[in-house]
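Next come the chains, spelled out residue by residue.
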Amino acid sequence: MSTVLTISLPRDDVIANLGPEYWPVHDGAPLLHIDSRAEDYTPDGAVIIYPTPGQPGYLWWLIDGVVPPQAAGDITAELAEQIPGSLLELPPPPDENPAPPANQ
């Protein structure tokens, strides 16, 4: 089982570290929402996951109670399973039968 550590940081610092390519979040991006009732909840900061005791972990930036896409990797169901109180939000699948454009 992984060890998870949450660190509270100023929101502006998190935004500066995420960078403009990841914040604001682009429409249709998968997100990981953290339940505000979860133990050790913080809206802004970092979540560090240590999958193996004594080994380096993985840092994920947390902003407004959300883990957005970032350089650390993909937002997946496996990541959601590792972070207590998290809920994965996936974008809807593309419409396979889009409506034809309206005549103008």
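Structure shown above.
Report follows, based on the coordinates.

Moving on, we come to the environment of serine 8. Looking at where serine 8 falls in the secondary structure, it is placed in strand β1 (residues 3-8). Taking relative accessible area as the criterion, serine 8 reaches 55% and is therefore assigned exposed. Along the primary structure serine 8 and alanine 46 are separated by 38 residues, whereas in three dimensions their C-alpha atoms are 6.6 Å apart. Here the side chain of serine 8 touches threonine 42 through a polar contact of 3.2 Å, side chain to side chain.

As a further point, take the sheet that holds strand β3 (residues 45-50). Spatially, β1-β3-β4 is the arrangement adopted by the three strands of the open sheet, whose pairing is antiparallel. Because the sheet does not close on itself, it has two edges, and the strands there are β1 and β4 (58-62). On average, each strand axis in the sheet is tilted by 20° relative to the strand beside it, whichever way the strands run. Pairing of β1 with β3 involves six bridges; the strand directions are antiparallel. When the bridges of β3 are listed, leucine 5 appears paired with isoleucine 48.

On to the side chain of serine 86. By the secondary structure assignment, serine 86 is in strand β6 (residues 86-89). Since its relative accessible area comes to 18%, serine 86 is described here as buried. At a separation of 2.8 Å, a polar atom in the side chain of serine 86 contacts the main-chain carbonyl oxygen of alanine 80. Here the side chain of serine 86 touches isoleucine 83 through a polar contact of 2.7 Å, landing on its backbone oxygen. Residues contacting serine 86, with those up to four places away along its chain left out, are Leu32, His33, Ile34 and Ala80.

Time to look at the nonpolar core. Of all hydrophobic cores here, the largest spans eleven residues; its members are Leu32, Ile34, Val47, Ile49, Trp60, Leu62, Val67, Ile75, Leu79, Ala80 and Ile83. Mapped by element, the contributors of at least two residues to this core are β2 (31-34), β3, β4 and α2 (77-82). Once residues lying within four places of it in the same chain are set aside, the contact partners of valine 67 are Leu31, Leu32, Ile34, Trp60, Trp61, Leu62 and Ile75.

Right, let's talk about the pattern of salt bridges for a bit. Tallied over the entire structure, the rule returns two salt bridges. The partner of aspartate 35 in a salt bridge is arginine 37, with the nearest N and O atoms 2.9 Å apart. By relative accessible area, which is 28% here, aspartate 35 ends up partly exposed. Owing to a relative accessible area of 73%, arginine 37 belongs among the exposed residues under this scheme.

We now examine the environment of valine 67. Relative to the helices and strands, valine 67 resides in strand β5 (residues 66-67). Overall, the relative accessible area of 0% leaves valine 67 in the buried class. Distance in space between the C-alpha atoms of valine 67 and serine 86 is 9.1 Å, their sequence separation being 19 residues.

Thresholds applied
Residues numbered from 1 in each chain as written. Predicted model: local features only at pLDDT ≥ 70, side-chain atom pairs only at ≥ 80, totals over all residues. Heavy atoms only, no water. Helix = DSSP H or I, 4+ residues; strand = E, 2+ residues; numbered from the N terminus. Buried < 20%, exposed > 50% of the residue type's maximum accessible area, 1.4 Å probe, protein only. Polar contact = N/O pair within 3.5 Å; in protein donor to acceptor, adjacent residues only side chain to side chain. Pairing = 2+ DSSP bridges. Axes fitted to C-alpha atoms, helices over the stretch in contact; angles between N-to-C directions. Contact = heavy atoms within 4.5 Å. Core = buried A, V, L, I, M, F, W, Y, C linked by side-chain atoms within 4.5 Å. Salt bridge = Lys/Arg side-chain N within 4 Å of Asp/Glu carboxyl O.

On their own, these measurements won't tell you what the molecule is for.
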